[in-house]
Amino acid sequence: MAVNYDKIGFTLIEKGLRDHINKDFNNVYISHHFKMKGNEFIRIHLLSSTNLMTTNAFEQREYNVMIRYYFNRKIMGDGINENIKSKVDRLKKKLLDRQTNTLSWTSLDIESIQYDIQDDENENNDIYIVQLDLILVNHNALN
């Protein structure tokens, strides 16, 4: 038998994250391009993968995923700081809870969280961006 390399990056990693997050958060989408999806939305983008180990029985890869959480500043009003950090903490908990109850990946670490990102995505939009950088490890065994 051979290791099956089909449908890992999108199906297990990106779609797996989206389906899990979408249970508690609205407007979650997968894309390498920013799209305005309302007043509060989450974008998932797989950045890269690295081989950790390959044998004739399995492959273990590390996947780097960027999750961006977008908030409309006008809607958030004066409570933007507390409200955003509370929602990001809830998302972080949701992601970390998933690592102990999944077949899609063997580990999930949130390497960093960056608040109030300033780049071309919010240049013409009055949005607050939080970026979570994740590392997921997938163990792909024989089929």
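Conventions we followed
- Residues numbered from 1 in each chain as written.
- Predicted model: local features only at pLDDT ≥ 70, side-chain atom pairs only at ≥ 80, totals over all residues.
- Heavy atoms only, no water.
- Salt bridge = Lys/Arg side-chain N within 4 Å of Asp/Glu carboxyl O.
- Helix = DSSP H or I, 4+ residues; strand = E, 2+ residues; numbered from the N terminus.
- Buried < 20%, exposed > 50% of the residue type's maximum accessible area, 1.4 Å probe, protein only.
- Pairing = 2+ DSSP bridges.
- Axes fitted to C-alpha atoms, helices over the stretch in contact; angles between N-to-C directions.
- Contact = heavy atoms within 4.5 Å.
- pLDDT = per-residue confidence, 0-100.

### Let's talk about the pattern of salt bridges
Okay, step 1: As enumerated under the stated definition, the model contains 11 salt bridges in all.
Okay, step 2: Residue K94 is joined to D24 by a salt bridge in which the shortest nitrogen-to-oxygen separation is 3.0 Å. Highlighted residues: K94 in helix α3 (residues 80-98) and D24 in the loop between α1 (8-21) and β1 (28-30), separated in sequence by 70 residues.
Okay, step 3: Overall, D24 belongs to the partly exposed group, its relative accessible area being 42%.
Okay, step 4: For R68, the salt bridge identified is with E121, shortest N-O distance 2.7 Å.

### A look at the sheet that holds strand β5 (residues 127-141)
Adjacent strands of a sheet pair through backbone hydrogen bonds, lying either parallel or antiparallel.
Okay, step 1: Reading across from one edge, β1-β2-β3-β5-β4 is the order of the 5 strands in this open sheet, with mixed pairing throughout. Unpaired on one side and paired on the other, β1 and β4 (107-114) mark the two borders of the sheet. The average undirected angle you get between the axes of adjacent strands in this sheet is 25 degrees.
Okay, step 2: Alignment of β1 against strand β2 (residues 40-54), held across 3 bridges, turns out to be parallel. Following the sheet pairing, I30 is matched in β2 by I44.
Okay, step 3: Here α1 sits on the sheet in contact with β1, β2, β3 (58-72), β4 and β5, set at roughly 140 degrees to β2.

### A closer look at the side chain of R43
Okay, step 1: Structurally, R43 is set in strand β2.
Okay, step 2: You can call R43 buried: its relative accessible area is 2%.
Okay, step 3: Setting aside its immediate chain neighbours within four residues, R43 contacts Y29, S31, H32, H33, F34, M66, I67, R68, Y70 and E121.

### As for the confidence of the model for the chain
Okay, step 1: Mean pLDDT over the chain works out to 87, with 88% of the residues at or above the 70 mark.
Okay, step 2: When the elements of the chain are averaged for pLDDT, helix α2 (residues 73-76) gives the smallest value, 81, and β1 the largest, 97.

### Re the environment of N27
Okay, step 1: Structurally, N27 is set in the loop between α1 and β1.
Okay, step 2: With relative accessibility at 39%, the residue N27 sits in the partly exposed group.
Okay, step 3: It is 8.4 Å that separates the C-alpha atoms of N27 and R43, two residues lying 16 residues apart in sequence.
Okay, step 4: When neighbours within four sequence positions are excluded, N27 is seen to be in contact with N22, K37, E40, F41 and I42.

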